[in-house]
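Tertiary structure, described
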Amino acid sequence: MSATDPSNPPATRRRALLAAFLALAASCGSTRVAVPDAPPTRTEHTMSREVDGRRLSYLLDVPTGEAPRRGRPLVLFLHGIGERGDDLARVAVHGPPKLAPTMPELWGCVLVSPQCPDDTWWPTETLVALVEEVCDTCEVDRDRVYVTGLSMGGFGTWELLATHPDLFAAAAPICGGMREDRESAIVAAKDVPIRVFHGADDRLVPVEMSERLVERLRDAGADVELTVYEGVGHDAWTRTYSDPELWTWMFAQER
């Protein structure tokens, strides 16, 4: 049989056909973020509206190029207690705003990273207003809004899930928790896919705080998973955020 017979293409042609087929399959129905060719631009903003008399400054990373027809996914990142204040550079010490310039998995999303003022806790209603404002101005797909945070930001993530579960398509709280008298409220988030991360040796925020919330959600039938890092203390975020699989999972979720 001839080597050019179309019923028996050579290996190079078969590889080309397979690559074309896989590319077509990946483009059909995929909810993964299309990765731009360049890192996002970063700007600093002060929130233009007040809620309960509070304003937030924040970093905003927006992808380059034209937005998809449905809009871009949005990730709200909440930092830990050590990054509070009025110096926005501190917000990029850990987590997504630190990784965004060099991590292609984050280049397709709008990343909003507010800074909590000194001597305060994350103001839930102000954060919701901030998300709404960014959604209105940055061509965001409202069915793909996500929240994640570490330490104090993990607490803020849990509180947002308990009070505004309909806002988010997925969440990833890291080494956080809730006050015991508030823990029962988390069942309101039973329809939100959640991936939880904690260090087994965390002495600042005991892993039991995550375990109790996950148990409540599991009892309510939620899609929730807990990853406990053995031999890891409070810093469960470095390993978590640097894993591309977290972002692949997150951006595949829709509200």
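Scoring rules and cut-offs
- Residues numbered from 1 in each chain as written.
- Predicted model: local features only at pLDDT ≥ 70, side-chain atom pairs only at ≥ 80, totals over all residues.
- Heavy atoms only, no water.
- pLDDT = per-residue confidence, 0-100.
- Contact = heavy atoms within 4.5 Å.
- Helix = DSSP H or I, 4+ residues; strand = E, 2+ residues; numbered from the N terminus.
- Expected span 1.5 Å × (residues − 1).
- Buried < 20%, exposed > 50% of the residue type's maximum accessible area, 1.4 Å probe, protein only.
- Salt bridge = Lys/Arg side-chain N within 4 Å of Asp/Glu carboxyl O.

1. Regarding the confidence of the model for the protein
For the protein, mean pLDDT is 86; residues scoring 70 or higher make up 82% of the total. In the predicted structure, residues 1-33 sits below a pLDDT of 50 and forms 19 contacts with residues beyond four places in sequence or in another chain.

2. With respect to helix H3 (residues 124-137)
With 14 residues, H3 ought to run about 20 Å at 1.5 Å a step, and its terminal C-alpha atoms sit 20 Å apart, in line with that. Burial analysis of H3 places ten of its 14 residues in the buried class, the great majority of the element. Taken together, the buried positions of H3 are Thr-124, Thr-126, Leu-127, Val-128, Ala-129, Leu-130, Val-131, Glu-133, Val-134 and Cys-135. For H3, the elements touching its buried residues are strand E2 (57-62), strand E3 (72-78), strand E4 (110-115), strand E5 (140-150) and helix H4 (152-163). Where H3 ends, the next residue or the one after it, Glu-139, has phi of about 50 degrees, a positive value.

3. Regarding the pattern of salt bridges
Under the criterion given, the structure shown has eleven salt bridges. Between Asp-136 and Arg-142 there is a salt bridge, with the nearest N and O atoms lying 2.6 Å from each other. Linking Glu-225 and Arg-195 is a salt bridge whose minimum nitrogen-to-oxygen distance equals 3.6 Å. Taken as a pair, Glu-225 in strand E8 (residues 224-229) and Arg-195 in strand E7 (residues 194-199) lie far apart in primary sequence, 30 residues in all.

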